[in-house]
Amino acid sequence: MVLDRARTRGDLPPRPAASTVLDIVFGTLWYRLLATRRPMGDDLVEDLTATLTQAAQPSANTAIDLGDEQ
């Protein structure tokens, strides 16, 4: 719901979907907790933030609308 509101305000791009963001974050946390028992510290938060930020950026193959310029 928080992510949906941020998208509505224009604070977040439409992709990745909110459900995908939640899958990535909670999947990582549960995996760390149950499978590896590795710590969940600041490094993990920074890695998740960087990954999700990069995923939200348009790819290099995305066409850019230049309006009337050609």
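Report follows, based on the coordinates.

Rules used in this analysis
Residues numbered from 1 in each chain as written. Predicted model: local features only at pLDDT ≥ 70, side-chain atom pairs only at ≥ 80, totals over all residues. Heavy atoms only, no water. Helix = DSSP H or I, 4+ residues; strand = E, 2+ residues; numbered from the N terminus. Buried < 20%, exposed > 50% of the residue type's maximum accessible area, 1.4 Å probe, protein only. Areas by Shrake-Rupley, 256 points an atom, 1.4 Å probe, with all protein chains shown as cover. Patch = residues over 30% accessible without salt bridge, like charges linked within 9 Å, V, L, I, M, F, W, Y side chains within 5 Å. Salt bridge = Lys/Arg side-chain N within 4 Å of Asp/Glu carboxyl O. Expected span 1.5 Å × (residues − 1). Arc of directions from axis to C-beta. Contact = heavy atoms within 4.5 Å.

### What about the overall build of the protein?
No. 1: Along the backbone of the protein there are three helices and zero strands.
No. 2: For the protein, the N- to C-terminal ordering of α and β elements is α-α-α.
No. 3: By residue count, 11% of the 70 residues in the protein fall in the buried class.
No. 4: Of the roughly 6100 Å² that the protein leaves accessible, carbon and sulfur atoms contribute 56%.

### Considerations on a nonpolar patch on the surface
No. 1: Taken together, the side chains of L22, F26, W30, L33, L34 and M40 define a hydrophobic patch exposed on the protein surface, amounting to about 640 Å² of accessible area.
No. 2: With respect to the secondary-structure elements, W30 resides in helix α2 (residues 18-36).

### A few points about α2
No. 1: Along its 19 residues, α2 runs 26 Å from first to last C-alpha, staying within 8% of the 27 Å computed at 1.5 Å per residue.
No. 2: Those residues of α2 that sit buried are A18, V21 and R32. The buried residues of α2 occupy an angular sector of 100° when the element is viewed end-on, so they sit on one face. Relative to its buried face, α2 has exposed residues pointing more than 90 degrees away, namely D23, Y31, L34 and A35.
No. 3: In the core, the buried residues of α2 are packed alongside α1 (2-9) and α3 (42-56).
No. 4: Residue R37 follows α2 closely and has a positive phi angle near 55°.

### Remarks on unusual backbone geometry
No. 1: Residues R15 and P16 are joined by a peptide bond in cis, for which omega reads 0°.
No. 2: Locating P16 in the fold gives a position in the loop between α1 and α2.
No. 3: Here the phi dihedral of R37 falls at roughly 55°; this positive angle occurs in a residue that is not glycine.

### What to know about the pattern of salt bridges
No. 1: The tally for this structure, following the rule as stated, stands at one salt bridge.
No. 2: When the shortest N-O distance is used, the salt bridge between D11 and R9 registers 2.7 Å. For the pair D11 and R9, a shared accessibility class is recorded, and that class is exposed.

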